[in-house]
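# Structural description and commentary
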Amino acid sequence: MIRKIILCLCILLLIGCGIETQTIKKANGDSKTYLFFKDFNPKKYYVQFWDRNNHKNDDTKIIMARDGDKYYYEIKGSMNMIIIQKDGYMYTLDSQMKNYNKQESALVDYAFGVLPNDMTTLKVAGYETGEEKVYGKNYIYEKYVNDNDETTYYFDGDDLVYIRYKGVLKNVFFKFNFKKSNPDKKLFEIPDDYLEITP
């Protein structure tokens, strides 16, 4: 009888041990997000994600890279697309046909809302934290809201697992794969054997 009471108490305690949602008005460089990205340079990086917009086993890879004012964005899956932006032009490459088109374009930052763009601001930014289930598993999340944009980072311990961005123009959900601080300079070059397609 006593064992049953102790067992019931243990079960009740475990059920009540979920993480409460909290709002942190001003951080002090101690958020999981800031600590994970602490050495991240928003002007020079290479980051890979898995697309999770449709289902949890999608093998589509998303690559974002930047080197100063040069940007690289690639979707690599059932559909392949590479976009290179530099010197006021956007180059859209077709790796199967080995061609590209070039057009004058204002910069489109595909990393906006997904990757931090100001580490000083992130260090003290307020956020909401709690626990949320994603694909059947509980993760600690940190949600940052900026005007109409909302970015949520999901962690397993100190490891970043998912990033969800909701904005006026786009909603994305990625699984983090890896990052490095020095992108290969060849990423931002158009291969010599690619032909330019003109309209």
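Residues numbered from 1 in each chain as written. Predicted model: local features only at pLDDT ≥ 70, side-chain atom pairs only at ≥ 80, totals over all residues. Heavy atoms only, no water.

With that out of the way, let us pick up the overall build of the chain. Check the secondary structure of the chain and you find 3 helices and 13 strands. Scaling as 2.2 N^0.38, a compact globule of 199 residues should have a C-alpha radius of gyration of about 16 Å, whereas the chain reaches 21 Å, well beyond that. The 199 residues of the chain split such that 39% are buried. As displayed, the chain offers around 12,700 Å² of accessible surface, 50% of which is attributable to carbon and sulfur atoms. Of the side-chain charges in the chain, 29 are positive and 29 negative, and the distance between the mean point of each set is 6 Å. (Helix = DSSP H or I, 4+ residues; strand = E, 2+ residues; numbered from the N terminus. Rg over C-alpha atoms; globule rule 2.2 N^0.38 Å. Buried < 20%, exposed > 50% of the residue type's maximum accessible area, 1.4 Å probe, protein only. Areas by Shrake-Rupley, 256 points an atom, 1.4 Å probe, with all protein chains shown as cover. Lys, Arg positive; Asp, Glu negative; His and termini not counted. Charge placed at Lys NZ, Arg CZ, Asp CG, Glu CD.)

On to the packing of aromatic side chains. As enumerated under the stated definition, the model contains 21 aromatic pairs in all. Their ring planes at 75° and their centres at 6.1 Å tell us that Tyr144 and Tyr153 sit as a pair that is edge-to-face. By way of ring pairs, the aromatic residues Phe36, Phe37, Phe40, Tyr45, Phe49, Tyr127, Tyr144, Tyr153, Phe155, Phe174 and Phe176 are connected into one cluster. Taking the ring centre of Phe173 as reference, the NZ or CZ of Arg164 above it sits at 4.0 Å. (Phe/Tyr/Trp six-rings, centres within 6.5 Å; stacked < 30°, edge-to-face > 60°. Lys NZ or Arg CZ within 6 Å of the ring centre and 35° of its normal.)

Before going further, it helps to examine the confidence of the model for the chain. Summary statistics for the chain give a mean pLDDT of 89 and a share of 91% for residues scoring 70 or more. Taken as a whole, residues 4-17 scores under 50 in pLDDT and shows 0 contacts with residues more than four places along the chain or in a different chain. (pLDDT = per-residue confidence, 0-100. Contact = heavy atoms within 4.5 Å.)

Tracing the backbone through its elements, the reader meets Glu74 in strand β4 (residues 70-76). Although Glu74 lies buried, it forms no salt bridge, and the closest oppositely charged side chain, Lys76, sits 4.5 Å away as judged by the N-O distance. Looking at Glu74, its side chain comes within polar contact range of the side chain of Tyr72, at 2.5 Å. Filtering out sequence-adjacent residues up to four positions away, Glu74 remains in contact with Lys61, Ile62, Ile63, Met81 and Ile82. (Salt bridge = Lys/Arg side-chain N within 4 Å of Asp/Glu carboxyl O. Polar contact = N/O pair within 3.5 Å; in protein donor to acceptor, adjacent residues only side chain to side chain.)

What follows covers the nonpolar core. In terms of nonpolar packing, the biggest core is built from 30 residues, with Phe37, Phe49, Met64, Val114, Leu115 and Leu160 touching the most fellow members. What Met64 contacts, discounting residues up to four positions off in sequence, is Tyr45, Tyr46, Val47, Phe49, Tyr72, Tyr73, Tyr110, Ala111, Val114, Leu115 and Phe174. By size, the runner-up hydrophobic cluster in this structure holds 13 residues, among which are Ile84, Tyr100, Phe188 and Tyr194. (Core = buried A, V, L, I, M, F, W, Y, C linked by side-chain atoms within 4.5 Å.)

The subject of this paragraph is unusual backbone geometry. Residues other than glycine seldom take positive phi values, yet Asp87 does so here, at roughly 50°. Relative to the assigned elements, Asp87 resides in the loop between β5 (80-86) and β6 (89-94). Looking at Asp87, the relative accessible area reads 59%, which means it is exposed. A positive phi angle is found at Asp147, which is not glycine, with a value near 55°. Looking at the secondary structure, you find Asp147 in the loop between β9 (137-146) and β10 (149-156).

In this section: the pattern of salt bridges. The final tally for this structure, using the stated rule, is 5 salt bridges. Taking the shortest distance from any N to any O, the salt bridge between Lys98 and Asp193 comes out at 3.1 Å. You can see Lys98 sitting in the loop between β6 and β7 (99-104) and its partner Asp193 sitting in the loop between β12 (171-180) and β13 (195-196), a full 95 residues away along the chain. The partly exposed category is assigned to Asp193, whose relative accessible area is 46%. Residues Asp156 and Lys137 are paired through a salt bridge, measuring 3.1 Å at the closest nitrogen-oxygen approach. Note that Asp156 is positioned in strand β10 and Lys137 in strand β9, a separation of 19 residues in sequence. According to the relative accessible area criterion, Asp156 is partly exposed, its value standing at 37%.

Here the focus is the environment of Asp147. Look at Asp147 and you get exposed, because its relative accessible area is 70%. It is 9.4 Å that separates the C-alpha atoms of Asp147 and Gly167, two residues lying 20 residues apart in sequence.

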